[in-house]
Amino acid sequence: MLLRHITTTAVRQGKLYLQKTNNYNHQKLVFASHRIFVFINQRNYSATSDVKTLVTVNELKSGMESEPNMRVLECGPNLNIKELYDESHIAGSRFFNVDACSDKSNSKLKYTIPQSAVFEGYVEQLGVSNNSHVVICERHDKGFFYAPRVWWMFRLFGHENVSILSGGLVKWVKAGYPLTRDITKVECGTFKASFRNELVKSFEDVEQVVECVVPKVQIVDARSQGRFEGWEPEGGSNF
């Protein structure tokens, strides 16, 4: 099989830059970093929600005024980003802390998917219910890093009515829309998760794909090009 790579820059530009390698040893090296892959099943994929994956800033502004069930979640990896959120954010939004909503039982693996009950409790205190239209807003000004992760987490736990704000907070500000320091108090939501096992693959599942045991499945490596090619060090100490 071929391992394909999508560069962060290409994603920001709205393009898919696919890089192929036939080097089997390189594939094994890259595949060992287990939390960086997206599986694409080339046989069967379909969306089950009418909600758009990407919404524009104008659509978000309109939806905030007309959709009572819309919930805007700005996201980031830790409390450092939360401090930036506290200083300025979209009025009515809440902050989704990726690190806080993760499985803490294994400290060596950051951002591990939490148990369903943990996810339920976390999003409920953000005001999210099963009938909410959730819009995820990326706060990072260098690209999209955490909004796609949070979008995927909602889908993983059975919530299809979730979108990503195209361009993130940067696009919102460039469009001239305001920010605020006011924190909106929200009522707790009622959220019942329905975990989708088909969206998660194990180490052994990945190994079978690399060994070409499983047909018609493509692995996509979403790290930087330097990490993909092996000349840039990984960001953590566990690799």
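Scoring rules and cut-offs
- Residues numbered from 1 in each chain as written.
- Predicted model: local features only at pLDDT ≥ 70, side-chain atom pairs only at ≥ 80, totals over all residues.
- Heavy atoms only, no water.
- Phe/Tyr/Trp six-rings, centres within 6.5 Å; stacked < 30°, edge-to-face > 60°.
- Helix = DSSP H or I, 4+ residues; strand = E, 2+ residues; numbered from the N terminus.
- Buried < 20%, exposed > 50% of the residue type's maximum accessible area, 1.4 Å probe, protein only.
- pLDDT = per-residue confidence, 0-100.
- Contact = heavy atoms within 4.5 Å.
- Arc of directions from axis to C-beta.

Q: If you had to explain the packing of aromatic side chains to someone new, which residues and values would you point to?
A: Considering all chains together, one arrives at 10 aromatic pairs under this definition. Plain terms: the ring middles of Tyr85 and Phe95 are 5.6 Å apart, the flat faces sit at 40 degrees to each other, and that makes the pair tilted. With Tyr85 in helix α4 (residues 79-87) and Phe95 in strand β5 (residues 94-97), this pair connects stretches of sequence that are 10 residues apart. Taken as a pair, Tyr85 and Phe95 share a single burial class, namely buried. Each ring, one from Phe154 and one from Phe191, has its centre 6.5 Å from the other, and the planes form 85 degrees; the classification is edge-to-face. One end of the pair, Phe154, is in helix α6 (residues 147-156); the other, Phe191, is in the loop between α7 (168-174) and α8 (203-210), with 37 residues separating them in the sequence. A relative accessible area of 0% places Phe154 in the buried class. The buried category is assigned to Phe191, whose relative accessible area is 3%. Put simply, the rings of Phe96, Phe119, Tyr122, Phe154, Phe157, Phe191 and Phe195 pair up and form one aromatic cluster.

Q: Residue-level account of the confidence of the model for the protein chain, with values.
A: Averaged over every residue, the pLDDT of the protein chain is 81; residues scoring 70 or more account for 77%. Note on residues 5-47: pLDDT under 50 across the span, and 97 contacts to partners over four residues away in sequence or across chains.

Q: So what's going on with α8? Which residues, and what values?
A: Within α8, the full set of buried residues consists of Val206, Val209 and Val210. The buried residues of α8 occupy an angular sector of 100 degrees when projected down its axis, which confines them to one face. Positioned one or two residues after α8, Cys212 has a phi angle of 65 degrees, which is positive.

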